Amino acid sequence: MNFRDFGKYNQFKEQFAGMSPEMKEQMMRMAKEQMKARLNAFAQKWLSQPVLIVVALFLGALVGALTAFFGQVLLAVSALRDAHPLYWIPGLALIGIAIVLGYKKFGKGTERGMDMVFGVAHGKESEIPLRMIPMVAVSTWLTHLFGGSAGREGVAMQIGATLGHNISKKIHVQKAGKVLLVAGMAAGFAGLFQTPLAAIALALEVLLVGYLELSALLPAAVAAITAYKVSEMLGLEKFSVDLHTLFPDYNVANLLWNENGFDIHFVLKLALLGVLFGIVGGGFAKLLSLAKKFAANKLPNPVKRIAFVGIGISLLLLVFWQGRYAGLGTNLIDLCFAGSQAADVNATGNAATVFACDWILKFALTIATIAVGFKGGEVTPLFAIGATFGAWVATMVGIPLPLAAALGYAAVFGGATNTLFAPIFIGAEIFGFDTLPAFFIVCVVAFACNGGQSIYAQKKLRLK
């Protein structure tokens, strides 16, 4: 302290001594409030991120355990349906009625699923009730048991988002609500699909078009990796494919580069695939939106809507090879990467090969299933649609079938979700990181050609 500061201190001391007791008390109260505000600001700046990371670790472990349990039960009910399709698929309409009535009695409001999650993320709503978790899990198991063509990612992301949101209400740090909601979505996707990089990217970019929620990056990464490891330890198996075993004479590096350098002809083929995949993915999202509105307008009663359309879906599922298009569509994905059995695509032919009509029938039945109120999600059917569509156009474009199917698996998903980095990473995590350049080219073009459509209620980033 210099002499000038010492003089000011003495002057303040004399003034303070001459104050009335009431003034002294008020001055002390103001000083305490100012100190408290400074301590809170310091804590928010330096302690909020460590606190959120620790909470994200716990959140990831919890979500990983729940998604592992959900995924294993889902695989069991799907296997039961596949073993006896004629017993289960005819009851789809009846179980649809039970789902609607169940939501009306026990889960009112939660039937909106991901729309509610996005509403909270965008600040339009304030609550995600915990009852959403058992409601969406049980209704998805029933949808799949009785043959509905639906996915599973919606359940995983709703589990994560619900837990993250409710835990955030106990954590009094800045942005805890949005950060833990995003971290929960990342954990849900990573725990179910065991692709943590894709899960992190999806959760960060899915809320706002053209923007990454980077404030949630570290907590989302911690939650996703933790959920992935917990899910793996609990026995949920990851789907992955080694493309080198399917076309050993080629690899992506040799296709992209040759003795003359960069192979522009192959890049143009990839770009053409990207255009097609973007149109299919964007078309799926747009038609799903239109189908939901059409069904709600024509059949405003949700019980009648799910009953009448459920009967039609059951009949179609049985007519088309007794349940070939029921459930997730993983059977179609497996056919695309079944080695020599998937060497070409037949119009009719053996059921152990990919049919030319597989992608469009799965496309239509998934839209019908989701549009009328059955639960689950759209992502795994989108993987199946993309893989079978890629297999169909492979020879037309001049790209090895397994590679085209792999690229379609990721890029149609990206086109339907209006995301860029998530499909690139999911392709690399499932089919090998040596394929990353091909996935990058195709997914960038697909993102540019999807017409801005999305199966999620994303906000648009307005460029000025």
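Residues numbered from 1 in each chain as written. Predicted model: local features only at pLDDT ≥ 70, side-chain atom pairs only at ≥ 80, totals over all residues. Heavy atoms only, no water.

Engineer: I tried to follow the overall build of the protein on my own but got confused; where do I start?
Structural biologist: Looking only at helices and strands, the protein features 21 helices and 4 strands. Considering only contacts within the protein whose residues lie at least 6 apart along the sequence, 78% involve residues at least 24 apart. For the protein, the exposed area adds up to about 21,400 Å²; of that, 65% sits on carbon and sulfur atoms. (Helix = DSSP H or I, 4+ residues; strand = E, 2+ residues; numbered from the N terminus. Contact = heavy atoms within 4.5 Å. Areas by Shrake-Rupley, 256 points an atom, 1.4 Å probe, with all protein chains shown as cover.)

Engineer: What is the right way to look at the packing of aromatic side chains in this model?
Structural biologist: Each aromatic ring pair is summarised here by two numbers: the centre-to-centre distance and the angle between the ring planes. Tallied over the full model, the rule gives 23 aromatic pairs. On the numbers, 6.2 Å between centres and 75° between planes, the contact of Trp-321 with Tyr-325 is edge-to-face. Classification of Trp-321 as partly exposed rests on a relative accessible area of 41%. Feature note: the residues Phe-189, Phe-193, Phe-239, Phe-337, Phe-383, Tyr-409, Phe-413, Phe-431 and Phe-439 constitute an aromatic cluster, connected by ring pairs. For the cation-ring pair, Arg-324 lies above Trp-321, with the distance from its terminal atom to the ring centre recorded as 5.9 Å. Positioned above the aromatic ring of Tyr-103 is the side chain of Lys-375, whose terminal nitrogen or guanidinium carbon lies 4.9 Å from the ring centre. (Phe/Tyr/Trp six-rings, centres within 6.5 Å; stacked < 30°, edge-to-face > 60°. Buried < 20%, exposed > 50% of the residue type's maximum accessible area, 1.4 Å probe, protein only. Lys NZ or Arg CZ within 6 Å of the ring centre and 35° of its normal.)

Engineer: Would you take a moment to explain the side chain of Asn-166 for this structure?
Structural biologist: Within the secondary structure, Asn-166 is located in helix H8 (residues 153–168). A polar contact of 2.9 Å, which involves the side chain of Asn-166, links it to the backbone oxygen of Ile-128. With residues near it in sequence (within four places) discarded, Asn-166 still touches Ile-128 and Leu-130. (Polar contact = N/O pair within 3.5 Å; in protein donor to acceptor, adjacent residues only side chain to side chain.)

Engineer: Got a minute to help me understand a nonpolar patch on the surface in this structure?
Structural biologist: Side chains of Leu-212, Leu-214, Leu-217 and Phe-421 sit close together on the surface and give an oily, nonpolar patch of about 330 Å² of accessible area. Here Phe-421 lies in helix H20 (residues 421–431). The class of Phe-421 is partly exposed, set by a relative accessible area of 37%. (Patch = residues over 30% accessible without salt bridge, like charges linked within 9 Å, V, L, I, M, F, W, Y side chains within 5 Å. Salt bridge = Lys/Arg side-chain N within 4 Å of Asp/Glu carboxyl O.)

Engineer: Please explain the environment of Ile-367 as it appears in this structure.
Structural biologist: One can find Ile-367 in helix H17 (residues 358–371). Residues Ile-367 and Leu-290, spaced 77 residues apart in sequence, show a C-alpha to C-alpha distance of 9.8 Å. With residues up to four places along the chain from it excluded, the contact list for Ile-367 reads Phe-284, Leu-287, Leu-288 and Ala-291.

Engineer: Where do I start with the pattern of salt bridges in this structure?
Structural biologist: A side chain with one charge can pair with a side chain of the opposite charge if their charged atoms come near. Per the counting criterion, the structure on display carries 6 salt bridges. A salt bridge links Glu-213 to Lys-178; the nearest nitrogen and oxygen atoms lie 3.9 Å apart. Residue Glu-213 is found in the loop between helix H10 (196–205) and helix H11 (217–233), and its partner Lys-178 is found in helix H9 (residues 176–193); the two are separated by 35 residues along the sequence. Looking at Lys-178, the relative accessible area reads 36%, which means it is partly exposed. Notably, a salt bridge pairs Asp-358 with Arg-324, separated by 2.8 Å at the nearest N-O pair. With Asp-358 in helix H17 and Arg-324 in the loop between helix H15 (302–319) and helix H16 (330–336), the pair connects residues that are 34 residues apart, well separated along the chain. No difference in accessibility class separates Asp-358 from Arg-324, as the two residues are buried.

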